[in-house]
Amino acid sequence: MDCIFCKIVTGEIPSYKIYEDENVLAFLDITPVNPGHTLVIPKKHYKNIIDTPDELLQGMALAVKKIAPAIIKAVKADAWNLGANNGAVAGQIVMHTHWHIMPRFTNDGHHLWYGKPYADGEIAEVAQRITDNIKIR
Ligand code: AMP
Ligand code: ZN
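Residues numbered from 1 in each chain as written. Chains lettered and ligands numbered in written order. Predicted model: local features only at pLDDT ≥ 70, side-chain atom pairs only at ≥ 80, totals over all residues. Heavy atoms only, no water.

Caption draft 1: Structural view of the nonpolar core. Grouped together as the largest cluster of nonpolar side chains are 13 residues, with contacts concentrated most on Val40, Met60, Ala63, Ile67 and Ile101. Counting residues per element, this core draws most heavily on helix 2 (residues 54-75), which supplies seven residues. Once residues lying within four places of it in the same chain are set aside, the contact partners of Ile67 are Ile18, Tyr19, Ala26, Val40 and Ile101. Residues Cys3, Phe5, Phe27 and Val94 belong to the second largest nonpolar core, which totals nine residues. (Core = buried A, V, L, I, M, F, W, Y, C linked by side-chain atoms within 4.5 Å. Buried < 20%, exposed > 50% of the residue type's maximum accessible area, 1.4 Å probe, protein only. Helix = DSSP H or I, 4+ residues; strand = E, 2+ residues; numbered from the N terminus. Contact = heavy atoms within 4.5 Å.)

Okay, here's the thing in structure tokens:
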């Protein structure tokens, strides 16, 4: 499999690993939003959150809970963002499930995306269409 993150799991590509358990690996992003920016991945290859088995997502969430406070303390961050780009249009470049833990500092120059208002009546219609499509397993 020609996947950068799979190669990081096997050690074929070097990385600064900061956390590892049976199913989950975390390592520093090489082009960080700020120093300490970390990627959390399942060791097995899945292309996005939807494809990733529940127990692996649970393991990733628990890893974030362990790692984030350590990152914040280490780099003395004021806050942090947890992010996932799902699909190329949303900015996903590496097609192996991953979450970004991004330390934030006051006036670090980064911004969140901008919100835009709904058209009249659109919000209720969108809510209905989404709830109609939720499949409870
Ligand atoms: P995304 O745009 O959500 O797919 O993010 C992919 C991230 O992987 C980017 O922030 C890259 O900087 C990071 N990245 C790519 N190659 C490596 C690597 N070899 N080691 C660490 N991080 C990497
Ligand atoms: Zn992979």
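Caption draft 2: Summary view of the sheet that holds strand 5 (residues 99-104). The strand order 1-2-3-5-4 describes an open sheet built from five strands, whose pairing is antiparallel. Unpaired on one side and paired on the other, strand 1 (17-20) and strand 4 (79-83) mark the two borders of the sheet. Neighbour to neighbour, the strand axes of the sheet diverge by 20 degrees on average, direction disregarded. Pairing of strand 3 (residues 38-42) with strand 5, which is carried by three bridges, proceeds in the antiparallel orientation. Counted as the bridge partner of Leu39 is His100 from strand 5. (Pairing = 2+ DSSP bridges. Axes fitted to C-alpha atoms, helices over the stretch in contact; angles between N-to-C directions.)

Caption draft 3: Region of interest: the coordination of the zinc ion (ligand 2). The coordination sphere of the zinc ion (ligand 2), as far as protein atoms go, consists of Cys3 (SG), Cys6 (SG), His45 (ND1) and His96 (ND1), spread over 2.0 to 2.3 Å. Sequence positions of the donors to the zinc ion (ligand 2) reduce to the motif C-x2-C-x38-H-x50-H. With a gap of 51 residues between them, His45 in the loop between strand 3 and helix 2 and His96 in the loop between strand 4 and strand 5 connect regions that are remote in the sequence. His45 gets classed as partly exposed once you look at its relative accessible area, which sits at 27%. Judged by its relative accessible area of 0%, His96 falls in the buried class. (Donors = N, O, S within 2.8 Å, 3.2 Å for Na, K, Ca; no water.)

Caption draft 4: Up close: a nonpolar patch on the surface. A cluster of nonpolar residues, Tyr16, Ile18 and Leu28, forms a patch on the protein surface that exposes about 320 Å² of accessible area. Mapped onto the elements of the fold, Ile18 is located in strand 1. (Patch = residues over 30% accessible without salt bridge, like charges linked within 9 Å, V, L, I, M, F, W, Y side chains within 5 Å. Areas by Shrake-Rupley, 256 points an atom, 1.4 Å probe, with all protein chains shown as cover. Salt bridge = Lys/Arg side-chain N within 4 Å of Asp/Glu carboxyl O.)

Caption draft 5: The site of ligand 1, seen in detail. Near ligand 1 lie 16 residues; those nearest to it are Asp29, Thr31, Gly91, Ile93 and His98. Between ligand 1 and Asp29, the relevant distance is 2.5 Å, taken from an oxygen atom to a side-chain nitrogen or oxygen of the residue. A distance of 2.4 Å is found between an oxygen atom of ligand 1 and a side-chain nitrogen or oxygen belonging to Thr31. Calculation on ligand 1 without its partners gives an accessible area of 510 Å², and the protein chains cover 86% of this total. For the shell around ligand 1, the elements supplying multiple residues, two or more each, are helix 1 (4-10) and strand 2 (24-28). Per-element accounting of the shell around ligand 1 gives the leading share, three residues, to helix 1. A per-class count over the shell around ligand 1 returns nine nonpolar, six polar and one charged. (Near = heavy atom within 4 Å. Polar contact = N/O pair within 3.5 Å; in protein donor to acceptor, adjacent residues only side chain to side chain. Nonpolar A, V, L, I, M, F, W, Y, C, P; charged D, E, K, R; others polar.)

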